[in-house]
Amino acid sequence: MSRVSRIGHRTRIALAAAIVGTLGASVVALAPTALAENSSQATVAPDEMLERAETWLTANNGSPVPYSQKKTWTDGYRQDCSGFVSMTLKLSTPGETTVTLAGDRDLTTPISLAELKPGDLLIDADGDNHTRHVVIFAGWTDSSKSAYEAYEQRGGHGTDHRVLTYGLESGSEYKPYRPNNFTGEEPPESPSWPKLESGSNGTHVKAVQYLLEEHGYSIEVDGSFGEQTKSTVEEFQEANDLHVDGVVGPATWPVLVKKLRYEDEGSAVKALQVELNRQDGGDLLIDGEFGPVTKDAVKSFQESNDLKVDAVVGPVTWKALLSA
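Residues numbered from 1 in each chain as written. Predicted model: local features only at pLDDT ≥ 70, side-chain atom pairs only at ≥ 80, totals over all residues. Heavy atoms only, no water.

Colleague: Sorry, what's going on with the pairing of strand S5 (residues 133-140) here?
Modeller: For a regular strand, the rule is simple: side chains alternate between the two faces of the sheet. Of all 8 residues in S5, 8 are buried, a share of seventy percent or more. Where strand S4 (residues 121-124) and S5 come together, 4 bridges link them in antiparallel fashion. Pairing of Asp124 across the sheet is with His133, part of S5. (Buried < 20%, exposed > 50% of the residue type's maximum accessible area, 1.4 Å probe, protein only. Helix = DSSP H or I, 4+ residues; strand = E, 2+ residues; numbered from the N terminus. Pairing = 2+ DSSP bridges.)

Colleague: Hey, could you run me through the sheet that holds S5 in this one?
Modeller: To summarise the sheet geometry, strands pair through backbone hydrogen bonds and adopt either a parallel or an antiparallel arrangement. Overall, antiparallel pairing links the 6 strands, which are arranged S3-S8-S4-S5-S6-S7 in an open sheet. Either end of the sheet is taken by a strand with one partner, and the two such strands are strand S3 (108-110) and strand S7 (158-164). Ignoring which end each strand starts from, the neighbouring axes of this sheet average 35 degrees apart. Relative to S7, strand S6 (residues 148-154) is paired through 7 bridges, and the arrangement is antiparallel. Bridge assignment links Gln153 to a residue of S7, and that residue is Thr159. Together, S4, S5, S6 and S7 form the strand contacts of helix H1 (residues 46-55), whose direction differs from that of S5 by roughly 120 degrees. (Axes fitted to C-alpha atoms, helices over the stretch in contact; angles between N-to-C directions. Contact = heavy atoms within 4.5 Å.)

Colleague: Honestly, the packing of aromatic side chains in this entry has me stumped. Any pointers?
Modeller: For any pair of aromatic rings, the description consists of the separation of the ring centres together with the inter-plane angle of the planes. Summed over the entire model, instances satisfying the criterion amount to 7 aromatic pairs. With a centroid separation of 5.4 Å and an interplanar angle of 35 degrees, the aromatic rings of Trp56 and Phe84 are classed as tilted. Pair noted here: Trp56 is in the loop between H1 and helix H2 (81-88) and Phe84 is in helix H2, with a separation of 28 residues, a long-range link. There is no split in this pair, since Trp56 and Phe84 are both buried. Seen from their ring centres, Phe137 and Tyr148 are 5.4 Å apart, and the 45 degrees between their planes marks the pair as tilted. (Phe/Tyr/Trp six-rings, centres within 6.5 Å; stacked < 30°, edge-to-face > 60°.)

Colleague: Any chance you could explain the pattern of salt bridges here in plain terms?
Modeller: When the charged atoms of two side chains with opposite charge come close together, those side chains can pair. Under the defined criterion, the tally for this structure stands at 10 salt bridges. Put simply, Arg154 and Glu152 hold a salt bridge, and the shortest N to O gap is 3.8 Å. For Arg154, a relative accessible area of 23% puts it in the partly exposed group. For Glu152, a relative accessible area of 1% corresponds to the buried category. The network of salt bridges with common partners includes Glu152, Arg154, Asp160 and Arg162. (Salt bridge = Lys/Arg side-chain N within 4 Å of Asp/Glu carboxyl O.)

Colleague: What's the story with helix H8 (residues 292-304) in this structure? I'm lost.
Modeller: Note on helix geometry: an α-helix contains 3.6 residues per turn, so any two residues three or four positions apart are oriented the same way. An ideal rise of 1.5 Å per residue puts 18 Å on 13 residues; H8 measures up with 18 Å between its terminal C-alpha atoms. The complete set of buried residues in H8 reads Thr294, Val298, Phe301 and Gln302. Mapping the buried residues of H8 onto a view down its axis gives an arc of 100 degrees, with all of them on the same face. Counted as exposed and oriented over 90 degrees from the buried face of H8: Pro292, Val293, Asp296 and Glu303. (Expected span 1.5 Å × (residues − 1). Arc of directions from axis to C-beta.)

Colleague: Could you clarify how one ought to interpret H2 in this entry?
Modeller: Taking burial as the measure, the 8 residues of H2 include 8 buried ones, the bulk of the element. Among the residues making up H2, those that are buried are Cys81, Ser82, Gly83, Phe84, Val85, Ser86, Met87 and Thr88. If you follow the buried residues of H2, they end up packed against H1, helix H3 (98-103), S4, S5, S6 and S7.

Colleague: Would you mind going over the nonpolar core with me for this structure?
Modeller: Nonpolar side chains in soluble globular proteins generally cluster together in the buried interior. Membership of the largest hydrophobic core comes to 63 residues, with the highest contact counts inside it found for Ile136, Tyr151, Trp253, Leu272 and Trp318. Not counting residues within four places of it along the chain, the set of residues in contact with Trp253 comprises Trp193, Pro194, Leu196, His204, Val208, Leu211, Val248 and Leu322. Counting 10 residues, the second largest nonpolar core, distinct from the first, contains Ile111, Leu122, Phe137 and Tyr148. (Core = buried A, V, L, I, M, F, W, Y, C linked by side-chain atoms within 4.5 Å.)

Colleague: Help me understand the side chain of His133 in this model?
Modeller: As for its position among the elements, His133 is in strand S5. For His133, a relative accessible area of 11% puts it in the buried group. Within the structure, His133 has its side chain in polar contact with the side chain of Glu152 (distance 2.7 Å). With residues up to four places along the chain from it excluded, the contact list for His133 reads Cys81, Thr98, Leu122, Ile123, Asp124, Glu152, Gln153, Tyr166 and Tyr174. (Polar contact = N/O pair within 3.5 Å; in protein donor to acceptor, adjacent residues only side chain to side chain.)

Colleague: Would you take a moment to explain a negative patch on the surface for this structure?
Modeller: Where like charges cluster on the molecular surface, the negative patch consists of Glu263, Glu265, Asp287 and Glu289. Note that Asp287 resides in the loop between helix H7 (267-278) and H8. For Asp287, a relative accessible area of 33% puts it in the partly exposed group. (Patch = residues over 30% accessible without salt bridge, like charges linked within 9 Å, V, L, I, M, F, W, Y side chains within 5 Å. Areas by Shrake-Rupley, 256 points an atom, 1.4 Å probe, with all protein chains shown as cover. Lys, Arg positive; Asp, Glu negative; His and termini not counted. Charge placed at Lys NZ, Arg CZ, Asp CG, Glu CD.)

Colleague: Mind showing me how you'd approach the side chain of Gln273 here?
Modeller: Position of Gln273 relative to the elements: it lies in helix H7. With sequence-adjacent residues up to four places away left out, Gln273 is seen in contact with Leu284, Leu285, Ile286, Asp287, Gly288, Glu289 and Thr294.

Okay, structure coming up:
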């Protein structure tokens with residue numbers, strides 16, 4: 001299916017200031033209101049915010065932007081979690097602090113967990129600068145709402161896109177907030193990653209096998225999720241500190257897929273090409289080369305699914321492609 005329609009005309013809409021207690025108090029759901037036309041605060045659509053978050057995944061010569069509480073990246077933003085979020089929201093450089101993001105009602109509004117939509121924030125503003133943290137909610141992994149995909153800038157790793165449960169347990173210090181400078185309509189609903197396991201067959205399984213091959217595993221690409229594929233998935237999960245169950249679901253896909261762009265080569269490009277061929281009976285040559293024809297196919301898919309048309313295949317495009 002196509003991704004829910006991307007935000008169209010970007011009217012200047014934001015969320016109003018709210019009645020709040022202390023950070024530890026229960027949050028109050030609030031209704032949006034118009035942002036004053038003379039406001040100096042930049043505006044951003046939720047899907048654009050997620051696209052901006054993606055850029056730091058590979059901004060360091062193909063690698064994540066390194067974490068630092070003191071250094072700033074080439075765009076002027078501090079390389080810690082709150083600097084990263086400030087970048088995605090187009091806030092002033094070098095970025096706001098975690099405490100300010102949580103406590104300044106000009107920047108965010110508390111919401112409930114049930115209201116979380118892509119682009120919202122989960123913030124732990126308690127403790128000190130070694131324990132405070134903020135992550136960007138990118139969508140629930142499934143209908144149980146027991147875990148979610150997120151973008152974050154974390155110590156020891158840098159920019160990351162992974163599955164988290166911060167803020168979902170009772171009494172958590174993480175609280176949900178909605179940025180006040182969002183524009184347009186409601187944030188888009190996120191598509192779902194497919195679930196593959198023993199007995200699965202087809203194009204998605206071929207994509208998994210090609211992606212495992214890209215990560216250095218020796219595996220037969222036959223489109224059948226048999227014992228070899230299951231054991232290889234388990235090896236991959238163990239090597240990446242994932243739950244080892246041999247099932248390729250919402251926690252494994254974000255780590256398995258690779259960001260691709262024009263002129264890339266390899267098995268991950270083959271995975272992309274087989275998935276593009278699944279759309280409307282495409283006839284791309286499965287050669288592992290991200291050339292002009294593959295580039296055009298990616299741009300066509302992005303345009304038809306209301307994605308940013310840039311021919312870059314990151315987590316958002318991969319997820320839409322695999323769920324379409």
